[in-house]
Every structure is written in C-alpha cells, then in structure tokens.
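Tertiary structure, described
Listed below, chain by chain, are the residues.
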There are 2 protein chains.
Amino acid sequence: MSIQTRPYAVLCGGLGGSRFVDALARAAGHEQVTAIVNVGDDVEILGLYVSPDLDTVLYTLAGLLDEERGWGVRDETTNALEAAGRLGGETWFTLGDRDIGLHLVRARLLREGVPLSEATQRLAGKLGVAVQLLPASDDPVGTFLATPEGELDFQTWFVRRRHADEVTAVRYEGAEDARPAPGVLEAIVGAEVVFLAPSNPFVSIRPILAVPGIREALAGKRVVAISPLVAGEALRGPLAEMMASLGFEPGVRGIAAVYEGIATEVVVDPVDAGELPGALVAPIVMVAPESRAEVGRAVLEAVR
Amino acid sequence: MSIQTRPYAVLCGGLGGSRFVDALARAAGHEQVTAIVNVGDDVEILGLYVSPDLDTVLYTLAGLLDEERGWGVRDETTNALEAAGRLGGETWFTLGDRDIGLHLVRARLLREGVPLSEATQRLAGKLGVAVQLLPASDDPVGTFLATPEGELDFQTWFVRRRHADEVTAVRYEGAEDARPAPGVLEAIVGAEVVFLAPSNPFVSIRPILAVPGIREALAGKRVVAISPLVAGEALRGPLAEMMASLGFEPGVRGIAAVYEGIATEVVVDPVDAGELPGALVAPIVMVAPESRAEVGRAVLEAVR
C-alpha cells in the first residue's frame, strides 16, 4: 500500500463529511486530498463488514451514491435482503444488492487478513477514486451512546431506533487500544491544512480523535473545522439535538466550543457570519453535486 | 434437528434429481420423502458457501427455481455480482441477488458452527419445504475429474470450461474421511424404497455412495434407479458423453452396469422398454412442473 502526503487532510464521517471531501476533491483535485474516515459506526450485517462512512465517501467520490437518500448506491435493488429476510436474516439495516457486491469483496479480503486500510485502497482504485481514503484505524472502534433507555451502539441508536433517544454521553469502545491506520499520522503531519469536515463531531470526528496519536498529530497544525450547523440546524441528522443534550449551544459557537483546543479556525456559512468572532466565512451548503466544486473553492479561498 | 424415517429416500443431485424429488413429493406428499443430496459440487464463491445441488432441490420444492434456466431463482437480478466484478470479485459462477440472500444466511450459520445439515433444515423450514433434505455429509467431499487437460474440480470442469473436456476418471476428494450427515443412514435403513434419482451417476450419485457407510446401508434394501438416459440421451447435461469416455454403453443397459451391485431395479422410459430385460417401465420425462405428479405416481405404481 503506497502512502502519500497531500496538501489537504480531512477528518470526516457521515453524509456531510463525504460531501465536503467531494467538494474539496472537485476544487483542488482528487490527488490533493486525503480523507481520514470514521469507523466507529462499522457494523456486521448478514456476516458482512459494513463501514457506512467509508462506503458513503467512496460512493460519493465514485459518483455512485444515491444522492436522494444520502446513503447506498443509486439505481439500487434489495432482492438479496428480501430473500435473506424470508430465511431469517436481519433486515433492519438496509443493504442493497449492488452494495452487497462491494461488501462481499471486502469481507473476503478482510477474512484473508487484508487490513481494512489496504482493502479500502484496493476498492477505491477499482472505482477510479484518487482521493487517498484511509480508515482512522484498522482496529475496531465502536461508538456507544448513553441514553435514558440505556447505552446503545451507534447503529441501534441511529438506524434501529431512528435517533429518537436523547444522548447524554458518548464513548468510543476500543479506541484506547486502537492504532491509527498506516498513513494516517503521516497524512496529518504532512498536510498544509487539516480540515474537520462538517460531520457530527460526537459520532464522526471524535471517534477519530479518540485513536491515540491522531489528536497529538494535530498539535501545531492548522486545523480548520467546517461548521456542520448552519443557522443552528444540521442540514440532516440529529446534531442540533445532541449538542443541546450534551451541554453545547446548538450553533456555530457551540461548534467552536466542541473543537476548542483542536481546531485553530472555524468556517461558518454566510448566514452565521457575525455569530462567531474570528470565524472564516464561506458558503458551505453543498447538497447538489454540481454546487460542490464551488463550495470547495470558496473554502480554499477562505483559508488562503 | 429432528430426524424422521420416511417411506421413500432419494439419493440425488443436479436438475434431474431435484425434479424427481419434486415428482415423488407431489405424488406421495412432501412428508413421505427424504432427499439425500450430493455435496461434491459445493464451492466457495465470493466467500459464500454455495451448494448447487442442495440449492436446486430446495428452490425446486419451494417453487422458486428458474425452471427455464434450470438453476437459480426465478425473477432474478445480478446486481451484486456485477458490482463485485467491478471491484475484482470473480464472476464466472453466476450468483443472483435473491440467491445471494440465501447464501448470506447460510454462510453465517456455517461460520457460527451450525452444520450444513442443520442449516439446510432451517432454510427448508423457512421456505415451507416439508421434504426432509439431508446433505450426504456435513464434511467436505469434492468431485474431481481427470481429463486430457489434467484434473479439474467439478465447477471448473462444468461451469468454467462448459464440460467440454473428456472425462477419463472421477474421484471424490475427502470422501473416505467424510461421515454421513445425521439422519442419512437412518433415512436409508428406514425407507421402504430407496431411489437413485435420474441424476448423473458419476458426479451426483457416486459422490454420495463414496461416503463410508452409505453404500453399506443400501445392502439388502430395495434400491430403484431411475434411468437418467432416455433413448440414449440425457435430457440435459453431458452424461451420455461421460458414459462413453468412462467405458459404459450410453443407454439404459449402461446405467444398469454402472449401478450393478447397488440398484436392485431400474426404471426406464417407455421408449426404452425392451432395451433392458427386467426393467420397470414408467414415463420419466418431467420437464414441466405440472407433469411431475404424474411421473411420480407412475413410478410409485411401477414399484408397487
């Protein structure tokens, strides 16, 4: 596996994270970007290793993502899942047929002892994705959420229970024993700018930072957080509610507080200009793929 | 796993075998039949355990078989396979999406340590199949064919090379160390009649008989072979050519010779009446599902 140092490293997870990596790759070129991706949501479904954040960024960059749903492959069918369900397999986590094709190839690589990072690089290469995609770790890290109903693993909380349970604390199981995947520390240390993508800080970015060595590698670097909140709301997902229940103001000031001591700057959307003294300002809403290059260019301009 | 003794036990493999089990089940009732199924063709594809003969008989009995193709599930898609192929997975063995749903459920059971026989019973139960389906063995048995191009495993010979290579010998790897699956010997010993389905003797029936104990259990039983050849031809597949290259006359007399010392009787189609002295005669062509009950009744009448 060849590891490269590139000008931009992005810590990311989730749909917002994948869109920001796409924005940056469109603006700066795939070859200028390393994405360091959360693995805290990874889950085994029907015996397959599913890594939702790696998959979403891979599918987004390959132009395969179902942009309407925000996950999975477009033009997808679910015949395997339906058949498995009829035979007693679990169906609460939707895996489409094309998606299963990827999981089958990756699951076999992993069973053969190929690390997740190497498997990811091979899959990205086959899909023509030249962004360097690195899982935060090849070791298991699992995000668990404390709720009034007890502690829930991420996918149970997010998918099964539709993130309806209030989150009072978050922990990252296994993180203390996990090692950064090959290339992660080099990508951070060698980057001109490290971005924290507009992902959920608690379930996407912090599980990356919880891997020993990664936070330390950020010390002294220029670390630019892209606000995942615009006008106090996440474009998608339960971040605003989590901010409140975890004791942060649900807005760009709260984001700055969450990343205090980690991010050196925060980029906020023009609608939030003035809310956070010293913030960089750029349009950061990038739902449509066509608008992403522009967002990427604006963010690069803002940090220049 | 509950094991039952039933009036009819059928040793079988392949499409002809599955159709005969279906014929018998339609005529006598699912609950009267045990099918003892060849596992010599089993193969791992994309990390999934594929058991073509068990799958074909299961899909046939559940009414899910693609009867036109003679394998796989009807109304099938192949999106997972296409995606896997794009990512470097093998595509020479076609697995449809619905079929993969079954394989995912079974592969996980097997990885959890559930024996193939138990996994088969669970899948059959979910599909409402009341024929007792037993793999010949829970242990690996692999059919290998000697050809002028060297020795080939069954699927390489049959699927990859489209059974174009002349077969000069057949062996069943692992058979001597394999044990009959739970219930197999009891099903044989307790049956009133044991049928050898109109399957290919060399690649469907003999790999079952090669498992120590199974052939011995047939001693003293009434063993009725249904001829897989009608007017010297297999309805499908390369049996006639194999008979010739392995030194047998490609016709019902050759079939009687192959099964000498094993079968006590042979059932031949009316078009072959007179070819084999002492043969039972019944119409045994059963391509269309609707005609199968009639074939089953005629065979049961012939052995009565």
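See the structure shown above.
Residues numbered from 1 in each chain as written. Chains lettered and ligands numbered in written order. Predicted model: local features only at pLDDT ≥ 70, side-chain atom pairs only at ≥ 80, totals over all residues.

Time to look at the overall build of chain A. Secondary structure assignment for chain A yields 12 helices and 14 strands. Relative to the globule expectation of 19 Å for 304 residues, the C-alpha radius of gyration of chain A, 18 Å, shows essentially globular dimensions. Judged by the C-alpha coordinates and their principal axes, chain A covers about 60 × 45 × 40 Å. Within chain A, the proportion of its 304 residues that are buried is 54%. The long-range share in chain A, meaning contacts at least 24 apart out of those at least 6 apart in sequence, stands at 67%. (Helix = DSSP H or I, 4+ residues; strand = E, 2+ residues; numbered from the N terminus. Rg over C-alpha atoms; globule rule 2.2 N^0.38 Å. Buried ≥ 20, exposed ≤ 12 C-beta atoms within 10 Å, placed from the backbone. Contact = placed C-beta atoms within 7 Å.)

Moving on to the packing of helix α1 (residues 14-28) of chain B against helix α2 (residues 52-62) of chain B. Two numbers describe a pair of packed helices, the interaxial angle and the distance between the axes. Residues and elements named next belong to chain B. Contact geometry for α1 and α2: axes closest at 9 Å, N-to-C directions at 35°. Pair α1 / α2 crosses with right-handed handedness. Of the residues in α2, those touching α1 at Gly14, Leu15, Gly17, Ser18, Arg19, Val21, Asp22 and Ala25 are Asp53, Thr56, Val57, Thr60 and Leu61. Residues that form the contact of α1 with α2 fall into these classes: 5 nonpolar, 5 polar and 3 charged. (Axes fitted to C-alpha atoms, helices over the stretch in contact; angles between N-to-C directions. Left-handed = near helix turned anticlockwise from the far one by under 90°. Nonpolar A, V, L, I, M, F, W, Y, C, P; charged D, E, K, R; others polar.)

Within an α-helix, residues lying three or four positions from one another point in the same direction, as the helix has 3.6 residues per turn. Residues and elements named next belong to chain A. Under the 1.5 Å per step criterion, the end-to-end length of helix α12 (residues 289-303) is 22 Å for 15 residues, consistent within 8% with the ideal 21 Å. Regarding α12, the residues found buried are Arg292, Val295, Gly296 and Val299. All buried residues of α12 fall inside an arc of 105° around its axis, so they share one side. Facing away from the buried side of α12 by over 90 degrees, the exposed positions are Glu290 and Glu301. (Expected span 1.5 Å × (residues − 1). Arc of directions from axis to C-beta.)

The topology assignment puts Val287(A) in the loop between β14 (280-281) and α12. With 14 C-beta atoms packed within 10 Å, Val287(A) lands in the partly exposed category.

All right, on to helix α5 (residues 116-126) of chain A then. Listing the buried residues of α5(A) in full gives Leu116(A), Ser117(A), Ala119(A), Thr120(A), Gln121(A), Leu123(A) and Ala124(A). On its buried face, α5(A) is in contact with α2 (52-61), α4 (97-111) and β5 (132-135) of chain A.

Strands pair in a sheet through their backbones, by hydrogen bonds, and they do so in one of two ways: parallel or antiparallel. All names here are of chain A. Reading across from one edge, β5-β2-β1-β9-β10-β13-β14 is the order of the 7 strands in this open sheet, with parallel pairing throughout. Looking at strand neighbours, the two that pair on one side only are β5 and β14, the edges of this open sheet. The sheet contact formed by strand β2 (residues 33-37) and β5 spans 4 bridges and is parallel. The partner of Ile36 across the bridge, within β5, is Leu134. (Pairing = 2+ DSSP bridges.)

The transformation that overlays chain A on chain B combines an axial shift of 0.0 Å with a rotation of 180°, and the residual RMSD is 0.0 Å. Taken together, the rotation angle and the small translation identify this as a two-fold axis. Across chain A, the rotation axis passes nearest the C-alpha of Asp97(A), at a separation of 3.1 Å. Of the residues that chain A buries at the interface, 100% are likewise interface residues in chain B, meaning the two copies contact each other through the same surface. (Least-squares fit on C-alpha atoms with pLDDT ≥ 70 in both.)

Taken together, the 25 residues of chain A in the interface contact 25 residues of chain B. Put simply, the parts of the chain that give the side of chain A that touches chain B at least two residues each are α3 (79-86), α4 and α5 of chain A. Ranked by residue count, the leading element in the side of chain A that touches chain B is α4(A), at 10 residues. Looking at side-chain class alone, the side of chain A that touches chain B contains 12 nonpolar, 6 polar and 7 charged residues.

Inspection of the secondary structure assignment puts Leu104(B) in helix α4 (residues 97-111). The spatial distance from the C-alpha of Leu104(B) to the C-alpha of Val50(B) is 9.9 Å, given a sequence separation of 54 residues.

Once that is clear, we can look at the sheet that holds strand β6 (residues 142-147) of chain B. Residues and elements named next belong to chain B. The 3 strands lie next to each other as β7-β6-β8, forming an open sheet whose pairing is antiparallel. For this open sheet the edge positions go to β7 (150-153) and β8 (169-173), each flanked by a neighbour on one side alone. On average, adjacent strands in this sheet sit at an angle of 30° to one another, irrespective of strand direction. Here β6 runs beside β7; their pairing, made up of 4 bridges, is antiparallel. Bridge assignment links Thr147 to a residue of β7, and that residue is Gly150.

Both strand β10 (residues 223-226) of chain A and strand β13 (residues 265-268) of chain A contribute to a ladder of 3 bridges, which runs parallel. Across the sheet, the residue bridging to Ile226(A) is Val267(A), located in β13(A).

Turning our eyes to something else, we now look at the packing of α4(B) against helix α5 (residues 116-126) of chain B. Residue and element names in this part refer to chain B. Where α4 meets α5, the axes come as close as 10 Å, and the angle between the chain directions of the two elements is 140°. Between α4 and α5, the angle falls in the class oblique. Every pair of crossing elements has a handedness; the one defined by α4 and α5 is right-handed. Side by side, α4 and α5 meet where Leu102, Arg106, Leu109 and Leu110 of the first sit next to Leu116, Ala119 and Leu123 of the second. (Parallel < 35°, antiparallel > 145°, perpendicular 65-115°, else oblique.)

In this section: the nonpolar core. With 203 residues, the main nonpolar core has Val10(A), Val21(A), Val10(B) and Val21(B) as its most contacted residues. Every residue in contact with Val10(A), bar those within four places of it in the chain, is listed here: Phe20(A), Val21(A), Leu24(A), Val33(A), Ala35(A), Ile36(A), Phe195(A) and Ala197(A). (Core = buried A, V, L, I, M, F, W, Y, C linked by C-beta atoms within 7 Å.)

What follows covers the pairing of β10(A). Residues and elements named next belong to chain A. Every second residue of β10 is oriented toward a common face, with Val223 and Ala225 on one face and Val224 and Ile226 on the other, all of them buried. Pairing analysis gives 3 bridges linking strand β9 (residues 193-196) to β10, with the strands arranged parallel. Bridge pairing in β10 places Leu196 opposite Ala225.

Glancing now at unusual backbone geometry. In the Ramachandran plot, Arg162(A) falls in the positive-phi region, its phi being about 50° despite a non-glycine side chain. With respect to the secondary-structure elements, Arg162(A) resides in the loop between α6 (154-160) and β8 (169-173). The class for Arg162(A) is exposed, based on 9 C-beta atoms found within 10 Å. Of note, Leu46(B) is a non-glycine position whose phi angle comes to about 50°, a positive value. Locating Leu46(B) in the fold gives a position in the loop between β3 (43-45) and β4 (48-50). Given 24 C-beta atoms within a 10 Å radius, Leu46(B) is considered buried.

Attention now moves to the environment of Arg26(B). Residues and elements named next belong to chain B. Checked against the element boundaries, Arg26 lands in helix α1. Judged by the 21 C-beta atoms lying within 10 Å of it, Arg26 falls in the buried class. Setting aside its immediate chain neighbours within four residues, Arg26 contacts Arg292, Ala293 and Gly296.

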